[in-house]
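# Close look at the chain arrangement
In case you want the letters, here they are:
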Amino acid sequence: MACMKLGSKSEVFHLDGHTWLCSTGLQSDVIIEIGEMSFHLHKFPLLSRSEVLENLIGEHTSEDEKRCVLQLHDVPGGAKTFLLAAKFCYGIKMELTALNVVSLRCAAEYLGMSEDYGEENLITQTENFLNEVFGSWTDSLKALKTCEEVPLLAEELHIVSRCINSLAMKACADPSLFSWPMQGGSDNRNPDGTVFWNGIRTSATPHPVGEDWWYEDVSLLRLPLYKRLILAVRSNDMKPKRVAGALMYYAKKHLPLLGRKSSIESGDYAASRSTISATSEADQRSLLEEIVELLPDQKGVTPSNFLLRLLRTAMIIHASPSCRQNLEKRVGTQLDEASLQDLLIPNSGYSVETLYDIDCVQRILDHFMLMDRDDPTSNYVQHGGQITESSHSLIPITMVANLIDRYLAEVASDVNLKLAKFQSLAAAVPDYARPIDDGIYRAIDIYLKAHPWLTDSEREQLCRLMNCQKFSLEASTHATQNERLPLRVIVQVVFFEQLRLRTSVSGWFFVSENLDNSQNLSGNLALARNDLHPQAGAIHDHIMVDDMKERVSELEKECLSMKQEIEKLGKTKVSSWNILLRKFGFSRSKLKYGDPKASKPTDTKELPTSSAPLIIGGENQNNESVK
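Note that the structure is predicted; figures quoted are calculated from it, not measured.

## Structural notes on the overall build of the protein chain
Counting secondary structure elements, the protein chain contains 25 helices and 11 strands. Expressed as a percentage of the 627 residues in the protein chain, the buried residues total 42%. Accessible surface, the protein chain as shown: approximately 34,600 Å² in total, 54% of it carbon and sulfur.

## Describing the pattern of salt bridges
Counted under the stated rule, the structure contains 19 salt bridges. A salt bridge links D297 to R330, with the nearest nitrogen and oxygen atoms 3.0 Å apart. Of this pair, D297 sits in the loop between α13 (281-294) and α14 (304-316) while R330 is found in helix α15 (residues 321-333), placing the two residues 33 residues apart along the sequence. When its relative accessible area of 66% is taken as the criterion, D297 is described as exposed. Of the residues examined, R330 reaches a relative accessible area of 12% and is grouped as buried. With a closest N to O distance of 3.0 Å, D445 and R484 form a salt bridge.

## Some details on the packing of aromatic side chains
Throughout the structure, instances matching the rule amount to 8 aromatic pairs. Taking 5.1 Å as the distance between ring centres and 70 degrees as the angle between the ring planes, the aromatic pair formed by F39 and F82 counts as edge-to-face. Of this pair, F39 sits in strand β5 (residues 37-41) while F82 is found in helix α3 (residues 78-90), placing the two residues 43 residues apart along the sequence. The pair formed by F39 and F82 is uniform in burial state, with each residue classed as buried. Ring geometry for Y226 versus Y250: centroids 3.8 Å apart, planes at 10 degrees, classification stacked. Here Y250 lies in helix α11 (residues 240-254) and Y226 lies in helix α10 (residues 223-235), a separation of 24 residues in the sequence. We classify Y226 as buried; its relative accessible area is 1%. Following the ring pairs from residue to residue traces out a cluster consisting of W214, Y215 and Y249.

## Section: the sheet that holds strand β6 (residues 68-71)
The strand order across the open sheet formed by 5 strands is β2-β3-β5-β4-β6, and the pairing between neighbours is mixed. Edge positions in the open sheet fall to β2 (13-16) and β6, since each of these has one partner strand only. Mean inter-strand twist for the sheet, computed between neighbouring axes without regard to direction, equals 20 degrees. Pairing of strand β4 (residues 30-34) with β5 involves 5 bridges; the strand directions are antiparallel. By the bridge assignment, I32 is partnered in β5 with F39.

## Details of the nonpolar core
For soluble globular proteins, nonpolar side chains are generally found buried alongside one another. Judged by nonpolar contacts, the single largest core of 153 residues is most densely connected at F13, I32, F39, L41, L335, Y407 and F422. With near-sequence residues (within four places) excluded, I32 lies in contact with M37, S38, F39, L41, L46, L53, L70, L72 and F82.

Here is what the cut-offs are and how they apply
- Sequence order sets the numbering: in each chain, residues are counted from 1 along the sequence as written.
- Confidence filtering applies because this is a predicted model: local features only for residues at pLDDT of at least 70, side-chain atom pairs given and counted only at 80 or more, and all residues used for totals across whole chains, interfaces and linings.
- No hydrogens and no water enter the side-chain calculation; it runs on all heavy atoms of the structure.
- Numbering of helices and strands runs from the N terminus; a helix is a DSSP stretch of H or I covering at least four residues, while a strand is a stretch of E covering at least two.
- Accessible area is worked out with a 1.4 Å probe on protein chains only. A residue is then buried under 20% of its type maximum, exposed over 50%, and partly exposed in between.
- Per-residue and other accessible areas were derived by the Shrake-Rupley procedure at a 1.4 Å probe size, with only the shown protein chains allowed to occlude residues.
- We define a salt bridge as a contact between a side-chain nitrogen of Lys or Arg and a carboxyl oxygen of Asp or Glu at a distance within 4 Å.
- For Phe, Tyr and Trp, where Trp contributes only its six-membered ring, two rings pair if their centres lie within 6.5 Å, and the inter-plane angle classes them as stacked under 30 degrees, edge-to-face over 60, or tilted in between.
- When DSSP locates at least two bridges between a pair of strands, those strands are taken to pair.
- Orientation is described by axes fitted as lines to C-alpha atoms, over the contacting stretch for helices, and by angles from 0 to 180 degrees between their N-to-C directions.
- Among the buried residues, those of types Ala, Val, Leu, Ile, Met, Phe, Trp, Tyr and Cys that are joined through side-chain atoms within 4.5 Å form a nonpolar core.
- Any two residues whose heavy atoms approach within 4.5 Å at even a single point are treated as in contact.

Geometry only, nothing functional implied.
Shown next, in the form of structure tokens:
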């Protein structure tokens, strides 16, 4: 932690009750009152350093008064900070730290302790020390926190903005290049002995630092300063995912209801109302609304489960309608990433009809369907009521359909759930989004069981939400024995199941017949291939013989030419001939024209052995024989 000691004299100030006395051997002639504390000081040290004190002392001094009394109740930092300024005027040792420099800088400004009243006056020295503070993450954070004690002057002197810019720059820096953070910030040395200077790690082997290293430190700031810091890091092009992570950390730390589960059966909902009393509901509401406004707008940056927890909390503490609508829209854009547990939002409205807020889920689903319909990058194409996947095995709308079906099955047992609401939510998912209808069938069955008083026409109307042709074998088997279903639906299930069975049997016979034909065709092809082999072999042999004849003829001519040359040299004809033949790897017995036993030429290519051309040739030959 940065620090600086000013002055050189020993301590001469001592406290007597609520009075600070200066034991210089001279009687005090100035009394300064700040709150409950009073300071018995001397005029000359104060006049030589402070413009304000010089003017005030000059106004209150008269010939009849040997001692003037000044009241400075609004001095920045109060009596504690003024004591440091007074010590500086007397030249007494004082220590500048990140915790006192802001208030002391403001007090120096308030008292007019500029260079006109002495070189290296308090304004200059505190300003120079602030520049050192801004080089350290830990000290900048401490200084920013103390700005809350003197907000007006700290803003006027741009101390707050400079602290925030310093922190934002370090938070946006690559953590692999800079080891800025020092968690806790209370010690210059961590347990393993690594030394820090101004918050910068000086070890030769720095520890790896994650991108979330600064979340905990800044979470201690109050909301106004924290908001300004988040806006600063966003303006420095920090990744939206890191910004969202910091906001999530801050919200979880300061919103107690976020950590509670949404399940009504767990009893958390009843306890959540008592939790609000521990923290002001107005403060939580203000905090939540600010966090929602600060969250990045990009899709997928903020997890859906966190957005849904924010929405549940917003409903409990009665956040503004615009805040809840914002959250519903955000969740709707990425509903395919949500989970069933987080979607079970307790109904906290004034007219509670159902356990869970069905209307809220309906609005979220409507947002998703609107976004999915207008999205040109949607990864499915609809053709005649069916969907064709273009990239993924589970496209978003299919995942949403599965989620809504499971949600309907969860809320269907609520006896207060009206048929119209159930139908409206189920019908919002298009038919093509469900590859199979087992999920919606299960939800309808649970609803029929929990609402036995439905009329036949209402049950008929409800069952139109499902397509019996898209039942699995298990669902079809269950439906044929389900007495809660209308008779017409059971007949449809039996009919489509029989139709499916007939189609399967017909397909089996078709495959079996094709298999037999394929085996017969393979036999014919084998026979045709056997008929083709003699002719192919004859052609192969004829090509080899012609090639060998040509090569032997060329060798004989070359050997004859060499023989003549040797004879001119007077050598033995027979021995020279034999030597040349052995040199080329031939014997006279093998050099007979057209000898079928001649060695195979090295550059002769074999005929193709692939079965594909043989099959084609065999088919052609077979066709010619048929003709």
